[in-house]
Amino acid sequence: MPQLDDVIPVPAEVRPDRAADFTINPGTRIRAGSGAEQVAEYLATVLQPLVPVSVTSSPGDGGIALELTDEISGDEAYDIDIATRGVVLRAAAPAGLFAAVQTLRQLLPISAGDPVTLPGGRIADRPRFPYRGVMLDVARHFFTVDEVKSYIDAIVAFKINYLHLHLTDDQGWRLEIPGWSRLTEVSGAAGTGVDGAGPGFYTRDHFAELVDYAASRFVTIVPEIDMPGHVNAAQVAYPSLTADGAPVPQRTDREVGYSSLVAGAESTYAFVEDVIREVAELTPGPFLHIGGDEAQATSAEDYRIFMTRVLPLVGKYGKRAIGWHEMASVDLPDTAVPQFWRVEEADEGTARAVSAGCQVIISPADRSYLDMKYDPSTSLGLDWAGFVEVDRAYNWDPADRLPGVPEQAILGVEAPLWSESLRSMADVQTMTFPRLPAIAEIGWSRRANRDWESFRRRLAAYAPRWTAAGVAFHPSPQIDWP
Ligand code: ACM
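Residues numbered from 1 in each chain as written. Predicted model: local features only at pLDDT ≥ 70, side-chain atom pairs only at ≥ 80, totals over all residues. Heavy atoms only, no water.

Would you mind going over the pattern of salt bridges in detail, with residue names and values included?
Applying the stated criterion across every chain yields a total of 32 salt bridges. The residue Asp 274 makes a salt bridge to Arg 277 at a minimum N-O spacing of 3.0 Å. Within this pair, Asp 274 and its partner Arg 277 are both found in helix α7 (residues 266-281), separated by three residues, close to a single helical turn. Residue classification places Asp 274 among the partly exposed residues on the basis of a relative accessible area of 21%. For Arg 277, a relative accessible area of 29% puts it in the partly exposed group. In this structure, Glu 344 and Arg 342 form a salt bridge, with 3.0 Å as the shortest nitrogen-oxygen distance. Because the salt bridges share partners, they merge into one network encompassing Arg 128, Asp 397, Asp 400, Glu 407, Arg 447 and Arg 450. (Salt bridge = Lys/Arg side-chain N within 4 Å of Asp/Glu carboxyl O. Helix = DSSP H or I, 4+ residues; strand = E, 2+ residues; numbered from the N terminus. Buried < 20%, exposed > 50% of the residue type's maximum accessible area, 1.4 Å probe, protein only.)

So, in structure tokens, the structure goes:
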């Protein structure tokens, strides 16, 4: 049976009481307070394979109560009280109750048949950073709506609350844009994945379905349209977006830094505004990611001209711009969020953006990139930022990472997963797990509570849950798997 502190990310405060275990029996009631109905139904679905329970809105004693309260501050904060006579989950908002349920899940037995007993005691928990993300590259290899939904289900276990979708790149364009149908007809067709892999794009309805599904799990989608570089797929579909209007060949190799939108052409901004308007309309979340990385085919002056035109468009359609940190080479509005992704020890532009009031997302490639190989024997992934074993993903801190970027300037952390070498969800899972839990713990848990030996032990205890759920993970030799 799990101990009360066998939880990833490690909660802020845990007070076990071994005399207070609670057993869920067939017929145990889940009591949904006002506003807690949706999370209560989710909990019932989670419990169903272990023990049949029912949801009720009538107050009463015993069972598992979910309550909204103004005694807790912060939407994602929660507390859990497990006592012999019942369990109470409390939070200020449904997102906090959902986080509490994710904690509760890790305290349940893994398979049906065992008594469904929860370890007694109290947990009080809250996140360190508001943004704890993962990025999935669906441009290099496409993943279907159902695959992305399954990925969302796997990441929410670790209280990840943002899913950044890298929707466009040199190889493919994966989101339907009204008025620009060739983007997906041509660059979402068969052969547009790396090395000519299969077709795929999201229609507007598909994308809305993903956004809704993510929202039902308290995950916000961050759509990325990468520009002014990484645009060969757009230019294959619309040669008018190139400097001389001439067709360019389709590219499905892994090169970067060769394509650029034309900063000096008005037609560029007509295209970009249409895209930003449509993507903003499909996105209830506050952020729209405009890429901005590796624009080696754009001069520094053209990059400045381009960003100076495009950043206000993001604001015009009601969103905050996130961009890879190269974006911070221009003067940013304080609503913009540079995402640091490289391996250098400092970044002048990012520090300058912080001085101007910007928040930052921290994603150093040599710590948080889920597409880096674990070690030289890893068959999937890349190694340009070195090998990233589980301890390397865990033993660092975002507040120490960049001069001029202190704790208060950090919006959060994100673990990007680029898909050049990943063809299946099993590939994606193998690179994600067990490193995403390390990044999730860095993003959620108190710094003083983090400890590698404790993390190793909790990770080992978690692994049978992946196996039971059919989720692949890398059996790192650093962990004593059961
Ligand atoms: C990146 O890895 N090019 C952001």
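Which residues make up the sheet that holds strand β4 (residues 54-56), and what values go with them?
Strand order across the open sheet formed by seven strands is β1-β9-β6-β7-β5-β3-β4, with mixed pairing between neighbours. Of all strands in the sheet, those bounded by a partner on one side alone are β1 (13-16) and β4. Sheet twist, expressed as the mean angle between neighbouring strand axes with direction ignored, is 10°. The pairing of strand β6 (residues 78-83) with strand β7 (residues 86-91) spans six bridges and is antiparallel. Its bridge partner lying in β7, Ala 83 is registered against Gly 86. Helix α1 (residues 37-47) rests against β3 (29-32), β4 and β5 (64-68) of the sheet, and its axis sits at about 160° to β3. (Pairing = 2+ DSSP bridges. Axes fitted to C-alpha atoms, helices over the stretch in contact; angles between N-to-C directions. Contact = heavy atoms within 4.5 Å.)

If you had to explain the packing of α1 against helix α2 (residues 94-107) to someone new, which residues and values would you point to?
The interhelical angle for the contact between α1 and α2, taken along N-to-C directions, is 15°, at an axis separation of 10 Å. As far as their axial angle goes, α2 and α1 are roughly parallel. The chirality of how α1 crosses α2 is right-handed. Between α1 and α2, the residues in contact are Val 39, Tyr 42, Leu 43 and Val 46 and Pro 94, Leu 97, Phe 98, Val 101, Gln 102, Leu 104 and Arg 105, respectively. Per-class residue counts for the contact of α1 with α2 are nine nonpolar, one polar and one charged. (Parallel < 35°, antiparallel > 145°, perpendicular 65-115°, else oblique. Left-handed = near helix turned anticlockwise from the far one by under 90°. Nonpolar A, V, L, I, M, F, W, Y, C, P; charged D, E, K, R; others polar.)

How would you explain the nonpolar core if you had to name every residue and give the values?
Judged by nonpolar contacts, the single largest core of 154 residues is most densely connected at Leu 66 and Leu 136. In this structure, Leu 136 is in contact with Phe 143, Val 148, Tyr 151, Leu 163, His 164, Leu 165, His 166, Leu 417, Met 425 and Val 428, ignoring residues within four places of it in sequence. Counting eight residues, the second-largest nonpolar core is a separate cluster that includes Ile 322, Val 337, Ile 361 and Leu 411. (Core = buried A, V, L, I, M, F, W, Y, C linked by side-chain atoms within 4.5 Å.)

Describe the sheet that holds strand β17 (residues 410-417), with residues and values.
Taken together, eight strands build a closed barrel; the order of strands is β10-β11-β12-β13-β14-β15-β16-β17 and the barrel is parallel. In this sheet, neighbouring strand axes are inclined to one another by 30° on average, regardless of whether the strands run parallel or antiparallel. By the bridge criterion, six bridges tie strand β10 (residues 131-137) to β17 in an arrangement that is parallel. Note on β17: the bridge partner recorded for Tyr 131 is Gly 412. Along the sheet, helix α5 (residues 204-216) contacts β11 (162-166) and β12 (220-227); its crossing angle with β12, the most-contacted strand, is approximately 135°. Against the sheet, helix α13 (residues 435-444) makes contact with β10 and β17, and its axis sits at roughly 175° relative to β17, the strand it touches most.

With reference to specific residues and values, describe the side chain of Arg 128.
Looking at the element boundaries, Arg 128 is found in the loop between β9 (121-125) and β10. What makes Arg 128 buried here is its relative accessible area of 17%. Here Glu 407 takes part through its side chain, which lies 2.7 Å from a polar atom of the side chain of Arg 128. (Polar contact = N/O pair within 3.5 Å; in protein donor to acceptor, adjacent residues only side chain to side chain.)

Account for helix α12 (residues 425-432), naming residues and giving values.
The buried fraction of α12 is high, at six of eight residues. Along α12, the residues that are buried comprise Met 425, Asp 427, Val 428, Gln 429, Met 431 and Thr 432.

Don't take any of this as a statement about function, it's just geometry.
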